[in-house]
Amino acid sequence: MFVSYKWLQDYVDLSGMTATTLSDKITKSGIEVEGVEKKSEGLKGVVIGHVLEREQHPNADKLNKCLVDVGGESPVQIICGAPNVDKGQKVAVATVGAVLPGNFKIKKAKLRGEESNGMICSLQELGIESRLIAKDYATGIFVFPNDVEVGQDALSVLGLDDEVLELGLTPNRSDCLSMLGVAYEVGAILGREVKWPEITKEASAEKATDFIQVKVEASEDNPLYVAKVIKDVKIAPSPLWMQTRLMAAGIRPHNNVVDITNYILLEYGQPLHAFDYDRLGSKELVIRKAHAAEKITTLDDVERELASDHLVITNGTEPVAIAGVMGGANSEVQDDTTTVIIEAAYFAGTVVRKASKDHALRSESSARFEKGVDPNRVREAGERAAQLISQYAGGTVLEGSVEVDTLTIEPAVISITLEKINKLLGTSMTVSEVESIFTRLQFGVSVDNETFTVTVPTRRGDITIEADLVEEAARMYGYDNIPTTLPTGTVTPGHLTDYQQKRRKARRTLEGAGLYQAITYSLTSKNKATQYALDVRESVALAMPMSEERSQLRLSIVPQLLEVVKYNNARQLDSLALYEIGSVFLKQDGEQLPEEREHVAGAITGLWESNPWQGEKKSVDFYVAKGVLEALFDTLGLTEQIDYRQSEKEGMHPGRTAEVLLNGDVIGFVGQVHPTVQKELDLKETYVFELSFKAMAEAAVAPIQYSAIPRFPSITRDIALVVDATTVAGDIQKIIAEAGGKLLKEVSIFDLYEGERMEPGKKSLAYSLKYFDPERTLTDEDVTKAHEKVLAAVKEKAGAELRG
Amino acid sequence: MQERLQELQAEALQKVAEASELKELNDIRVAYLGKKGPITEVLRGMGKLSAEERPKMGALVNVVREEIASKIEEKQQVLEEAAVHAKLAVEKIDVTLPGRPVNKGNHHPLTRVIEEVEDLFIGMGYTVAEGPEVETDFYNFEALNLPKSHPARDMQDSFYITEETLMRTHTSPVQARTMEKHKGQGPVKIICPGKVYRRDNDDATHSHQFMQIEGLVIDENISMSDLKGTLEVFAKQVFGKEREIRLRPSFFPFTEPSVEIDISCKICGGKGCSVCKGTGWIEVLGGGIVHPNVLEMAGFDSKKYSGFAFGIGVERIAMLKYGVDDIRHFYTNDVRFLTQFNRHES
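The model shown is predicted, which means the values in this text are computed figures rather than measured ones.

With that settled, the discussion passes to the overall build of chain A. A tally of regular secondary structure across chain A gives 20 helices and 42 strands. In terms of C-alpha radius of gyration, chain A reaches 41 Å, well past the compact-globule figure of 28 Å for 804 residues. By principal-axis analysis of the C-alpha atoms, chain A measures approximately 130 × 85 × 55 Å. Counting the 804 residues in chain A, one finds 52% classified as buried. In chain A, the share of contacts with a sequence separation of at least 24, taken over all contacts with a separation of at least 6, comes to 68%. Roughly 36900 Å² of accessible area belongs to chain A as shown, and the carbon and sulfur atoms make up 47% of that amount. Taking the average place of the 89 positive charges on the side chains of chain A and the average place of its 120 negative ones, the gap between the two points comes to 4 Å.

The next point concerns the interface of chain A and chain B. Many descriptions give the size of an interface as the accessible area lost when the pieces come together. Opposite the 88 residues of chain A that make contact, chain B presents 93 residues. Roughly 7500 Å² of surface becomes buried between chain A and chain B when both sides are summed, with 56% attributable to carbon and sulfur atoms. Of all residues in chain A, Tyr 479, Tyr 516 and Ile 519 of chain A bury the most surface against chain B, accounting for 11% of the area lost on that side. The interface formed by chain A and chain B holds nine salt bridges in total. Counting every contact that joins chain A to chain B gives 45 residue pairs in polar contact (both at pLDDT 80 or more). Among the elements that take part in the side of chain A that touches chain B, helix α13 (residues 498-512) of chain A stands out by supplying seven residues, more than any other. Here the residues of the side of chain A that touches chain B sort into 38 nonpolar, 26 polar and 24 charged.

So, about the layout of surface pockets. A probe matching the size of a water molecule, rolled over the atoms, marks out where space remains unfilled. Residue and element names in this part refer to chain A. By volume, the second largest pocket amounts to about 1800 Å³. Residue lining of the second largest pocket: 41 residues in total, with Lys 626, Glu 630, Tyr 644, Ala 729 and Gly 730 positioned closest to the centre. Breaking the lining of the second largest pocket down by element, the ones donating at least two residues are α16 (622-635), β35 (642-646), β36 (652-662), α19 (729-739), β40 (744-753) and β41 (762-771). Taken together, the residues of the lining of the second largest pocket break down into 17 nonpolar, nine polar and 15 charged. Among the domains, domain 5 (498-698) and domain 6 (715-802) are the pair contributing at least three residues each to the lining of the second largest pocket.

All names here are of chain A. Under the domain assignment, chain A is made up of domain 1 (2-39 + 163-190), domain 2 (44-157), domain 3 (208-405), domain 4 (413-481), domain 5 (498-698) and domain 6 (715-802). One C-alpha centre belongs to domain 1, the other to domain 4; they are set 22 Å apart. Between domain 1 and domain 4, the residue contacts involve nine residues of the former and 10 residues of the latter. Roughly 930 Å² of surface becomes buried between domain 1 and domain 4 when both sides are summed, with 47% attributable to carbon and sulfur atoms. Linking domain 1 with domain 4 are three salt bridges, by the criterion used here. Arg 460 serves as the salt-bridge partner of Asp 175, at 3.7 Å between the closest nitrogen and oxygen.

Turning next to the packing of α13 of chain A against α16 of chain A. When two helices pack together, their arrangement is given by the angle between their axes and by how far apart the axes lie. All names here are of chain A. Relative to each other, α13 and α16 sit at 145 degrees, their axes nearing to 9 Å. With respect to the hand of their crossing, α13 and α16 are arranged in right-handed fashion. Listed contacts from α16 to Lys 505, Ala 506, Thr 509 and Leu 510 of α13 are Val 628, Ala 631, Leu 632 and Thr 635. Looking at the contact of α13 with α16 residue by residue, the classes come out as five nonpolar, two polar and one charged.

For residues other than glycine, phi is negative in most cases, and the peptide bonds are mostly trans. The omega torsion of the bond from Gly 186 of chain B to Pro 187 of chain B falls at -5 degrees, within 30 degrees of zero and hence cis. In this chain, Glu 256 of chain B is followed by Pro 257 of chain B through a cis amide linkage whose omega measures -5 degrees. With respect to the helices and strands, Pro 257 of chain B occurs in strand β7 (residues 255-264). Residue Asp 232 of chain A is not a glycine yet carries a positive backbone phi of 60 degrees.

Our next topic: the packing of aromatic side chains. Aromatic rings in a pair are described by how distant their centres are and how their planes are angled relative to each other. Residue and element names in this part refer to chain A. Counted under the stated rule, the structure contains 26 aromatic pairs over all chains. Their ring planes at 75 degrees and their centres at 6.0 Å tell us that Phe 438 and Phe 452 sit as a pair that is edge-to-face. With Phe 438 in helix α11 (residues 431-440) and Phe 452 in strand β27 (residues 451-455), this residue pair connects regions lying 14 residues apart in the sequence. Here Phe 622 and Tyr 623 contribute two aromatic rings whose centre-to-centre distance is 5.2 Å and whose plane-to-plane angle is 85 degrees, an arrangement assigned as edge-to-face. Judged by relative accessible area, Phe 622 falls into the buried class, the value being 13%. The lysine or arginine in question, Lys 626, covers the ring of Tyr 644, its NZ or CZ lying 4.1 Å from the ring centre. Here the basic side chain of Arg 757 rests over the ring of Tyr 753, its NZ or CZ set 4.9 Å away from the ring centre.

Here the focus is the pattern of salt bridges. Residue and element names in this part refer to chain A. All chains considered together, the criterion is met by 77 salt bridges over all chains. One salt bridge connects Glu 383 with Lys 228, and the closest N-O pair in it is separated by 3.1 Å. Taken as a pair, Glu 383 in helix α9 (residues 378-392) and Lys 228 in strand β14 (residues 224-231) lie far apart in primary sequence, 155 residues in all. Taking the relative accessible area as the measure of exposure, Glu 383 reaches 16% and is therefore buried.

This part takes up the pairing of strand β25 (residues 413-417) of chain A. Residue and element names in this part refer to chain A. Along β25, the buried face is formed by Ile 414 and Ile 416; none of Val 413, Ser 415 and Thr 417, which line the opposite face, is buried. Summarising the sheet, β25 and β27 pair through five bridges and their orientation is antiparallel. When the sheet's bridge partners are listed, Val 413 is paired in β27 with Thr 455.

Residue and element names in this part refer to chain B. Across the sheet, which stays open at both edges, the seven strands sit in the order β1-β4-β5-β9-β8-β7-β6 with mixed pairing between neighbours. Here the strands that pair on one side only, and so sit at the sheet edges, are β1 (127-128) and β6 (245-252). Across the sheet, helix α8 (residues 224-239) is in contact with β6, β7, β8 (281-290) and β9 (306-313); its angle to β9 comes to roughly 25 degrees.

So, on to the pairing of strand β4 (residues 64-69) of chain A. Residue and element names in this part refer to chain A. Examined bridge by bridge, strand β3 (residues 44-56) and β4 share six bridges and lie antiparallel to one another. Bridge pairing links Glu 55 to Lys 65 in β4. Alignment of β4 against strand β5 (residues 76-80), held across five bridges, turns out to be antiparallel. From the neighbouring strand, Lys 65 faces β5, where its bridge partner is Ile 79. Between β4 and β5, which pair antiparallel one after the other, the connecting turn spans six residues, and Gly 71 there sits at a positive phi close to 85 degrees.

Looking now at the sheet that holds strand β12 (residues 163-168) of chain A. All names here are of chain A. On the basis of which strands lie adjacent, the open sheet formed by three strands has the order β1-β12-β2 and antiparallel pairing. Two strands bound the open sheet, and with one partner strand each, they are β1 (2-4) and β2 (32-38). The mean inter-strand angle of the sheet, taken between neighbouring strand axes irrespective of direction, is 25 degrees. Where β1 lies against β12, three bridges are found, and the strand directions are antiparallel. Within the sheet, the bridge partner assigned to Ser 4 lies in β12 and is Val 164.

Ranked by size, the top nonpolar core spans 162 residues in total, and within it Leu 8 and Leu 22 of chain A together with Phe 234 of chain B carry the most contacts. Looking at which element gives the most residues to this core, the answer is helix α4 (residues 179-190) of chain A, with nine residues. Beyond its immediate stretch of four places on either side in the chain, Leu 8 of chain A contacts Val 3, Leu 14, Leu 22, Met 179, Val 182, Ala 183 and Val 186 of chain A. Formed by 38 residues, the second largest nonpolar core is a distinct cluster that contains Ala 227, Val 312, Val 325 and Val 402 of chain A.

Once that is clear, we can look at α4 of chain A. All names here are of chain A. Under the 1.5 Å per step criterion, the end-to-end length of α4 is 16 Å for 12 residues, consistent within 8% with the ideal 16 Å. The buried fraction of α4 amounts to 12 of the 12 residues, a majority that puts the element mostly inside the structure. Of the residues making up α4, those classed as buried are Met 179, Leu 180, Gly 181, Val 182, Ala 183, Tyr 184, Glu 185, Val 186, Gly 187, Ala 188, Ile 189 and Leu 190.

Time to look at the environment of Ser 4 of chain A. Residues and elements named next belong to chain A. Within the fold, Ser 4 resides in strand β1. It is 4.5 Å that separates the C-alpha atoms of Ser 4 and Val 164, two residues lying 160 residues apart in sequence. If we skip the residues at most four places from it in the chain, Ser 4 touches Asp 162, Glu 163, Val 164 and Met 179. Separated by 3.3 Å, the side chain of Ser 4 and the backbone nitrogen of Lys 6 make a polar contact. Polar contacts involving the side chain of Ser 4 include one to the main-chain amide nitrogen of Trp 7, which spans 3.0 Å.

Reading the values: rules and limits
- Residues numbered from 1 in each chain as written.
- Chains lettered and ligands numbered in written order.
- Predicted model: local features only at pLDDT ≥ 70, side-chain atom pairs only at ≥ 80, totals over all residues.
- Heavy atoms only, no water.
- Helix = DSSP H or I, 4+ residues; strand = E, 2+ residues; numbered from the N terminus.
- Rg over C-alpha atoms; globule rule 2.2 N^0.38 Å.
- Buried < 20%, exposed > 50% of the residue type's maximum accessible area, 1.4 Å probe, protein only.
- Contact = heavy atoms within 4.5 Å.
- Areas by Shrake-Rupley, 256 points an atom, 1.4 Å probe, with all protein chains shown as cover.
- Lys, Arg positive; Asp, Glu negative; His and termini not counted.
- Charge placed at Lys NZ, Arg CZ, Asp CG, Glu CD.
- Buried area = accessible area lost by both parts, 1.4 Å probe.
- Salt bridge = Lys/Arg side-chain N within 4 Å of Asp/Glu carboxyl O.
- Polar contact = N/O pair within 3.5 Å; in protein donor to acceptor, adjacent residues only side chain to side chain.
- Nonpolar A, V, L, I, M, F, W, Y, C, P; charged D, E, K, R; others polar.
- 1 Å grid on protein atoms, 1.4 Å probe; cavity = no way out; pocket = protein on both sides within 12 Å on 5 of 7 lines; lining within 4 Å.
- Points joined across faces, edges and corners; volume = space filled by probe spheres on them.
- Domains from an automatic or database assignment.
- Axes fitted to C-alpha atoms, helices over the stretch in contact; angles between N-to-C directions.
- Left-handed = near helix turned anticlockwise from the far one by under 90°.
- Phe/Tyr/Trp six-rings, centres within 6.5 Å; stacked < 30°, edge-to-face > 60°.
- Lys NZ or Arg CZ within 6 Å of the ring centre and 35° of its normal.
- Pairing = 2+ DSSP bridges.
- Core = buried A, V, L, I, M, F, W, Y, C linked by side-chain atoms within 4.5 Å.
- Expected span 1.5 Å × (residues − 1).

Structure below.
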């Protein structure tokens, strides 16, 4: 809502307040003033001039040579390019020395050999937005009414010596979508009175009811309809002061009747509509729900198909307006209109909202109806409009109005105690302080033993319960005056859940290992949504995505991380280590919501270690990625429950990918991205992993139990085994660990040989076995006994021979 | 004999003094003190002496031997030390060469902010509550006093999946769910961090996906002044002790009264600059006293309980705190961006 500082003064005394100090006060009491615009900012030296002569420029077809009286000693010659400039006009002249927006300085000049001492201005050149300029002057200079004085400051005539406050209204404060509403707010803040416009009625012999009948067939959606009839109007431009006020508020002037309806909309917050009585095609207005597929051509010349939940005004047969949204072209007020019907009505917010949404027509009217207008202003707004039309369009207002009224207006009455207010705010206000706040707001209030009974005016439909009154008290008391305390109730222990702690530990471990945390989008393309999914299902799709790229919920994180790798690679950032912990979304049969499962994923590429001056570097390989996971499992206490199994997965290198199992269930994978995919995405060798973090975090972990530090030495035996080339190291390790019994404490591989010194189809694996007994020093014999069992087991179970 | 001994001593000491290497010194030791050395020879010749002279001469021999031995010892220490020095001199390295790089990752800046806020509130007795990112219309809107026809729904253009489910537009549904779990029994003290989604085109200041942290306290005597105090603690912790906070009345459907909180601008110190649009204040938070309808819908008696709630945008905090000028950086994951947040900041 744009509020002209000057206009506001019509309703409330603003003496002692500049626009800026007023703005600060309004902001602090609850309505944010988003900006204060000084309309004349950057404008200087523009006066009213009188065009005395106009002739064609001798050397230019499109230029005019004008002699203009600008109130100086003698008229000046000005060259003007506007097509509509003519002799006798009163115009805005930027004289030599004037400054126009954009720091454009007016100097004496010669145009095609003719002297020009200034510039005749269009409204655009004076900083007014094109969309606000009346059609007649959209492409030329602005022509003033003849009664303006030559030499006068044009800016003040145009109302540009004003400041406009832009209010950022929250949806509850639709009462301030009107000058009167703002006046009440400002009056309450400043403790000053609100002056209403005076309405004078002149008696007319003819009655409105003789001209038109109104029938409402949908009284729930339209409980009050008032029609005023004004005859013998003369359509012309509205007075300049009205036009400038409309423009300051962001509305384009049209003609006197339309401008007056808009002026009342701004003044009272009550949208009105003007019908041309003679174009109506009947003598009745019937308000009803539209028939399905019924059509209307609206004022903007668009034919629209209506639905049965739209409310329309009809002439008894066909629609002449979509209620509260836009009028029909068939009954539009035009230059030859002589009799006008002014509609002042109360339409329900929901029905207006529906139509405005369906037709994508959001207007100043619909916005106000949707949020609810003050039912008590409907009649008065109609009366005021009729009066202004008779005043500025020369018409006669017919006696009375035609009404259908089924509206019951009951102002809200709310009781609240002083204690409740103070308790909720933490304040210690007194009865008289609170009472004075309600009085300033012009709420009805009576006090009985610290209980306030407040009657809320209908303009404040947002106030319905105690809490609303508490807010009114708080904002008028001043939020700055509320004390600062901390909650003192029951003491509660603050902590993270076990799951949340595990997530933090997982992050620390991955970061300690050198990975940076990435956060990517949950919404992705249909194609990417299911790539690398651990659990393949149809993806969850948005009903109305903004683009295909962001239309589905992801089932995996790896595709998103590969995008990040691609992005960085393209910027010469080759060595990357990234991880993400986030949710993936799994559609569930028979469930309203998808399952959200937290995953941990990573992508590593380029050099893992690089210390060039010492000649050391190591590229990322499978075992780097696996090492990171091992550290992660170790941190979470899962090492014993984890297994790896060679596997093939779409999009992954078939020989360099492992499934990860937790207690026998697959929870994810680790490996190299398939070379074809790498090529498609323009990636170098890249390793990725993705695991169900949920599964990891939910696995039971034993508590930490101290075991004694060994007091006796251990004995280490190394063995080199020859096995089939297809045998996997993990199996051998498991066999050794099982066969070694209690004494075998550690098994670690220290060599793998597959070279030419081996028999074809064979390879050698060498393990270091550490034996120890916490109770005593082991003898060679003890160890040999255990060690032989190990050798027997690997031979029997894996056909392994000791390497000679 | 005595003379011979003194001669030998002088000769040996001379050599010791001249010796410049450990080996040389060892040779001197062997030569003079060894079994075949001249002193031993002198001892052997003692048989010719009288019984009276013998002990005297014996004592003298010992004095000479000890003198030589001690000088050798002294010299040896000197030479050994020199040898060590020489060796260390050779081992000298260039300490200005860079150390071996240690791989080091870190949190995303948004996680950094979230963890800082979580820890602050955990310290004040809060727990961290989480909930689904795909929500029902009920929890996202209706349970928060936003019935289907509510005009305030215009404020949040949402990504719907079906008529009844959507990507949550704020983390408030977690509050609704948590309250419901408490079955009308206070106290509730939670903060809810998480991802939220709105139908916005991505640009420098908008992101269709972003993060929020919301807080909720419900107990028997919670007031607006408690909210004010809590948020002051928060603002000072996150933005620094010098920051001032300002409260402005505002509107949210789920709180009444509602408040918006500004902090004094860090860039200009409150004088007014382009970041704060000349006002000296920057809006960072919204909150208020929980609307009685919200309490009642979740099963709390609004006569007995009251509460406050607040919400902040994580990106907004990070942008203000670290001076980030484009919200898209948080989701592009350019490593040149991510690596800037890998150290402690006081």
